[in-house]
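Spelled out, the chains give:
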Amino acid sequence: MLANIDLTVVWALIIAFAVFAYIVMDGFDLGIGILFPAFRPGQERDTAMNSIAPVWDGNETWLVLGGGGLFAVFPLAYAVIMPALYAPIIAMLLGLIFRGVAFEFRWRDPRHRALWDVAFTGGSFVAALAQGITLGALLQGIKVEGRAYAGGWWDWLTPFSLLVGLGIVCGYALLGATWLVMRTEGSLQERSRTFSLWLGAATVVVIAAVSAATPFLEGKYWERWFSMPSVLLTAQVPLLVAVASFLFFRSLRGGAERTPFLLALGLFLLSFVGLGISIFPDVVPGRVTIWEAAAPHSSQVFLLVGASVLIPTILVYTAYSYWVFRGKVDAAGYH
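Nothing here was measured: the structure is a model prediction, and the numbers come from that model.

## A closer look at the side chain of Thr 47
Move 1: Mapping Thr 47 onto the fold places it in helix H2 (residues 43-50).
Move 2: Thr 47 gets classed as buried once you look at its relative accessible area, which sits at 6%.
Move 3: Polar contacts involving the side chain of Thr 47 include one to the main-chain carbonyl oxygen of Gln 43, which spans 2.8 Å.

## Notes on unusual backbone geometry
Move 1: Along the chain, Met 228 connects to Pro 229 via a cis peptide bond; the corresponding omega equals 0°.
Move 2: Its location among the elements puts Pro 229 in the loop between helix H10 (219-226) and helix H11 (231-234).
Move 3: The omega torsion of the bond from Phe 280 to Pro 281 falls at 10°, within 30 degrees of zero and hence cis.
Move 4: With respect to the element layout, Pro 281 can be found in the loop between helix H13 (259-279) and strand E3 (282-284).

## Observations regarding the packing of helix H1 (residues 7-35) against helix H8 (residues 159-183)
The relative placement of two packed helices comes down to the angle between their axes together with the axis-to-axis distance.
Move 1: Closest axis-to-axis distance for the H1/H8 pair is 6 Å, and the angle between their directions is 85°. By the angle class used here, H1 and H8 are roughly perpendicular. On the side of H1, the interface is formed by Tyr 22, Ile 23, Gly 27, Phe 28, Leu 30, Gly 31, Ile 32, Ile 34 and Leu 35, while H8 contributes Val 169, Tyr 172, Ala 173, Leu 175, Gly 176, Ala 177, Trp 179 and Leu 180.
Move 2: For the contact of H1 with H8, a count of residues per class yields 14 nonpolar, three polar and no charged.

## Re the layout of surface pockets
One water molecule sets the probe size; rolling that probe over the atoms shows where empty space is left.
Move 1: Of the volumes computed, that of the second largest pocket is approximately 430 Å³.
Move 2: Every residue lining the second largest pocket is counted, 16 residues in all, and those nearest its centre are Trp 179, Met 182, Arg 183, Phe 261 and Tyr 322.
Move 3: For the lining of the second largest pocket, the secondary-structure elements that each account for two or more residues are H1, H8 and H13.

## Some thoughts on the packing of H1 against helix H15 (residues 297-324)
Move 1: Orientation of H1 relative to H15, taken along the N-to-C sense of each, is 25°, at an axis distance of 11 Å. Judged on the interaxial angle alone, H15 and H1 are roughly parallel. Crossing of H1 over H15 shows left-handed handedness. Contact with H1, carried on its side by Leu 7, Thr 8, Val 10, Trp 11, Ile 14, Phe 17, Met 25 and Phe 28, involves His 297, Gln 300, Val 301, Leu 303, Leu 304, Ala 307, Ile 311, Leu 315, Thr 318 and Tyr 322 of H15 and no other residues of that element.

## What to know about helix H4 (residues 61-73)
Move 1: End to end, H4 covers 18 Å across 13 residues, agreeing with the expected 18 Å (1.5 Å per residue, within 8%).
Move 2: Three or more residues of H4 are buried, namely Trp 62, Leu 65, Gly 66, Gly 69, Leu 70 and Val 73. One side of H4 holds all its buried residues, which, seen down the axis, span an arc of 125°. For H4, the exposed residues lying more than 90 degrees away from the buried face are Val 64 and Phe 71.
Move 3: Against H1, helix H3 (56-59), helix H5 (75-84), E3, helix H14 (290-293) and H15 lie the buried residues of H4.

## Regarding the environment of Thr 121
Move 1: By the element assignment, Thr 121 lies in helix H7 (residues 113-140).
Move 2: Under the relative-accessibility criterion, Thr 121 is labelled buried at 16%.
Move 3: Sequence separation between Thr 121 and Leu 180 is 59 residues, and the spatial gap between their C-alpha atoms is 16 Å.
Move 4: Aside from chain neighbours lying at most four places away, what touches Thr 121 is Gly 33, Ile 34, Phe 36 and Pro 37.

## Points about the UniProt feature "transmembrane region" (unreviewed entry) in the protein
Move 1: In the numbering adopted here, UniProt assigns the feature "transmembrane region" (unreviewed entry) to residues 12-39, 84-102, 114-139, 159-182, 194-213, 225-249, 261-281 and 301-325.
Move 2: The distance from the first to the last C-alpha atom of residues 114-139 is 38 Å, and the span holds 100% helix and 0% strand.
Move 3: Helix makes up 100% of residues 194-213 and strand 0%, with an end-to-end C-alpha separation of 29 Å.

Analysis parameters
- Residues numbered from 1 in each chain as written.
- Predicted model: local features only at pLDDT ≥ 70, side-chain atom pairs only at ≥ 80, totals over all residues.
- Heavy atoms only, no water.
- Helix = DSSP H or I, 4+ residues; strand = E, 2+ residues; numbered from the N terminus.
- Buried < 20%, exposed > 50% of the residue type's maximum accessible area, 1.4 Å probe, protein only.
- Polar contact = N/O pair within 3.5 Å; in protein donor to acceptor, adjacent residues only side chain to side chain.
- Axes fitted to C-alpha atoms, helices over the stretch in contact; angles between N-to-C directions.
- Parallel < 35°, antiparallel > 145°, perpendicular 65-115°, else oblique.
- Contact = heavy atoms within 4.5 Å.
- Nonpolar A, V, L, I, M, F, W, Y, C, P; charged D, E, K, R; others polar.
- 1 Å grid on protein atoms, 1.4 Å probe; cavity = no way out; pocket = protein on both sides within 12 Å on 5 of 7 lines; lining within 4 Å.
- Points joined across faces, edges and corners; volume = space filled by probe spheres on them.
- Left-handed = near helix turned anticlockwise from the far one by under 90°.
- Expected span 1.5 Å × (residues − 1).
- Arc of directions from axis to C-beta.
- UniProt positions renumbered as here; feature names shortened; annotations may be inferred.

Here you go:
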């Protein structure tokens, strides 16, 4: 039966799911780190951190799954993308390391808590910015000759990649703010609600700017978005973004607690769909398709057997963790 299924497409969808799961799961706790200096030292910061304490490390499982899946299933793409994006990827990993260390040390080393708070914020910001720059650099195109990267060390650094990096920082901060609206009470919740309004506006503006610039980066992007009859379908994406944005601001001003977070996730989902429209079926946009980059069919089958056990296990564990630690948190919280 597997012989009749295009496993390359299946694996492309699995990796896309892992990447989006990482955005959903880790985005809001990176956002809390980005917003951390805006919270008052003491109760507000402790409450914000306690809201993610039980789940933050498990959220990064999806990043490992996405990166490992790319290496195992699309080795040519991995070999091309990594040399092109070493700098932002290394910066992202270092940011995640600093954030993780600071997360634990600020509780055990209260004498230097201010230092660990800076490390927590800096690591979160660098990781988010680097992820956005990586995405922007991938979208704008990677120079490939033969089967290898042929560009320079600084090709990833452009105004467009910085714009996408800024968008990811704003978007993650929005997820963090709306998460705190949902999980906290009192002054921290009200402060987070205010942040959500401003960050929501900034995120929508950046989404519009990136969406307007993307079709001009690559001829295939323009064709996939605006050729007939596909434009009849692709036009629904910006329309849904407008509807989700309107509902987001209305729910936030109306005092809702859960709906703003869900609608913020909806904006990320629609942006992710737009990304898929732009690049699919390429894995290195405009250069290498998923079929050109794919590992042999037998390897894909072998890996799929493991993934069919691993992914449901992670999903069940993640769902159970969020269920156990549901509800409002305070400064006493998890630690």
